Amino acid sequence: MILEKITCSDMREYNSIDDIVAVGKRWPMAEFAIQAHPSKFSSHMPRYEWFWELMQQCMNNDVNLAMHVNSQWRTMLAHGKIPAEINDILKIKRNNGKSMIGRVQININGGDEKYHFYAHKVADIIRAYPDIEFIFQYTTKQKNRARALNKTGVPFSLLYDESGGCGKSPDEWHAPVMENHKMGYSGGLSPENIADNLKNISAQLPNDYKTWIDAEGNLKDPYTKQFDIVRAVQYIQNAYFWNLHNHHSSK
């Protein structure tokens, strides 16, 4: 198993932009993902303005930024429509010509809302942004949507998260479900348990399989319930050193 990215999700406007950028520069495998939905990320809202400032600070560096799309905006994307706020951000390029947002995760398994997933329309969105990696949550109940999207021939990745974004570890980690689509792993990951989980995940993967991990809830301060950069760094470090010490098995 080759660990490519270590995703830290749900940093917000109360976090220091300087801290995010410093950690991203120090740890090139780190990725910081903003949670985007209309109740908190609409134009001119604090989180939206904060993220624009963060992007400005990343114009001249390679700090990895991602967007996780939830709620009504997730449903819009599943119907083939792009919210204006998301479209504006996805068009932004760094000074080196690369997309500011490297990956977009559409949380199709989150929440209780029932909605249609139009694979051919979602495929059109993916084709419109060829330099951005699109990720879709994968659980057993989402397999038909993944299969339908696969039939369109577009590239995409899957995130195995059996709890559907609830931060619960699965009873066991599963091998990739689609040969031609990369799979990452999420669910209950923390600074304290990441090494053990990476060991268990790696047991399901070929030695040369490239993957990533994603943590959110266990990166929050237990008292304030806010994203904690200190816990994020602990998680990044522990995952990085596990990968370093075990990378020889991937060669």
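Residues numbered from 1 in each chain as written. Predicted model: local features only at pLDDT ≥ 70, side-chain atom pairs only at ≥ 80, totals over all residues. Heavy atoms only, no water.

Asker: Can you explain the overall build of the protein? Please cite residues and give values.
Answerer: Along its length, the protein carries nine helices and eight strands. For 251 residues, the compact-globule estimate of 2.2 N^0.38 gives 18 Å, and the protein sits close to it at 17 Å. Of all 251 residues assigned to the protein, the portion counted as buried reaches 53%. Long-range pairs, those at least 24 residues apart, make up 74% of the contacts in the protein with a sequence separation of at least 6. As displayed, the protein has an accessible area near 11800 Å², and 48% of this comes from carbon and sulfur atoms. (Helix = DSSP H or I, 4+ residues; strand = E, 2+ residues; numbered from the N terminus. Rg over C-alpha atoms; globule rule 2.2 N^0.38 Å. Buried < 20%, exposed > 50% of the residue type's maximum accessible area, 1.4 Å probe, protein only. Contact = heavy atoms within 4.5 Å. Areas by Shrake-Rupley, 256 points an atom, 1.4 Å probe, with all protein chains shown as cover.)

Asker: Can you tell me about the pattern of salt bridges, naming the residues and giving the values?
Answerer: The tally for this structure, following the rule as stated, stands at ten salt bridges. Two residues, Asp10 and Arg12, come together in a salt bridge whose shortest N-O distance is 2.8 Å. For Asp10, a relative accessible area of 2% puts it in the buried group. What makes Arg12 partly exposed here is its relative accessible area of 25%. The residue Lys182 makes a salt bridge to Glu133 at a minimum N-O spacing of 3.9 Å. With a gap of 49 residues between them, Lys182 in the loop between strand 6 (157-160) and strand 7 (183-186) and Glu133 in strand 5 (residues 133-138) connect regions that are remote in the sequence. Accessibility expressed as a relative area gives 21% for Glu133, which makes it partly exposed. (Salt bridge = Lys/Arg side-chain N within 4 Å of Asp/Glu carboxyl O.)

Asker: Can you lay out the packing of aromatic side chains for me, pointing to particular residues and giving the numbers?
Answerer: Going through the model one piece at a time under the given rule, you end up with 13 aromatic pairs. Ring centres of Trp27 and Tyr240 lie 5.2 Å apart, and the angle between their planes is 65°; this geometry places the pair in the edge-to-face category. With Trp27 in the loop between helix 1 (17-26) and strand 2 (30-36) and Tyr240 in helix 9 (residues 229-246), this residue pair connects regions lying 213 residues apart in the sequence. We classify Trp27 as buried; its relative accessible area is 7%. Site record: aromatic cluster; members linked through ring pairs are Phe41, Tyr48, Phe51, Trp52 and Trp73. Directly above the ring of Trp27 sits Arg26, whose terminal nitrogen or CZ lies 4.2 Å from the centroid. Positioned above the aromatic ring of Tyr118, the side-chain terminus of Lys121 is 5.0 Å from the ring centre. (Phe/Tyr/Trp six-rings, centres within 6.5 Å; stacked < 30°, edge-to-face > 60°. Lys NZ or Arg CZ within 6 Å of the ring centre and 35° of its normal.)

Asker: Go over the nonpolar core, please, and point to the residues and values.
Answerer: Within the largest apolar cluster, 78 residues are counted, with the highest numbers of intra-cluster contacts made by Phe32, Phe51, Leu54, Leu65, Phe136, Leu149 and Ile213. Looking at which element gives the most residues to this core, the answer is helix 9, with seven residues. Other than its neighbours up to four places away in sequence, Phe32 contacts Cys8, Met11, Ile20, Val23, Gly24, Val63, Asn64, Leu65, Ala66, Phe227 and Ile229. (Core = buried A, V, L, I, M, F, W, Y, C linked by side-chain atoms within 4.5 Å.)

Asker: Account for helix 8 (residues 194-202), with residues named and values stated.
Answerer: Helical periodicity: at 3.6 residues per turn, an α-helix aligns residues three or four positions apart in one direction. Buried within helix 8 are the following residues: Ile194, Asn197, Leu198 and Ile201. Here the buried residues of helix 8 occupy an arc of 100° about the axis, which is enough to place them on one side. Exposed side of helix 8, more than 90 degrees from the buried face: Asp196 and Lys199 are the residues found there. (Arc of directions from axis to C-beta.)

Asker: How would you summarise the side chain of Lys220 if you had to cite specific residues and measurements?
Answerer: Looking at the element boundaries, Lys220 is found in the loop between strand 8 (210-215) and helix 9. Within the structure, the side chain of Lys220 is placed 2.8 Å from the side chain of Asp10, a separation counted as a polar contact. Those residues in contact with Lys220, other than ones at most four positions away along the chain, are Asp10, Arg12, Lys225, Gln226, Phe227, Asp228 and Arg231. (Polar contact = N/O pair within 3.5 Å; in protein donor to acceptor, adjacent residues only side chain to side chain.)

Asker: Requested: an account of the packing of helix 8 against helix 9, with residues and values cited.
Answerer: Two numbers describe how helix 8 lies on helix 9: the axes approach to 9 Å, and their chain directions differ by 40°. It follows from the interaxial angle that helix 8 and helix 9 lie oblique. Crossing angle aside, the handedness with which helix 8 passes helix 9 is right-handed. Side by side, helix 8 and helix 9 meet where Ile194, Ala195, Leu198, Lys199 and Ser202 of the first sit next to Tyr235, Asn238, Ala239 and Trp242 of the second. Grouping the amino acids of the contact of helix 8 with helix 9 by side-chain chemistry returns six nonpolar, two polar and one charged. (Axes fitted to C-alpha atoms, helices over the stretch in contact; angles between N-to-C directions. Parallel < 35°, antiparallel > 145°, perpendicular 65-115°, else oblique. Left-handed = near helix turned anticlockwise from the far one by under 90°. Nonpolar A, V, L, I, M, F, W, Y, C, P; charged D, E, K, R; others polar.)

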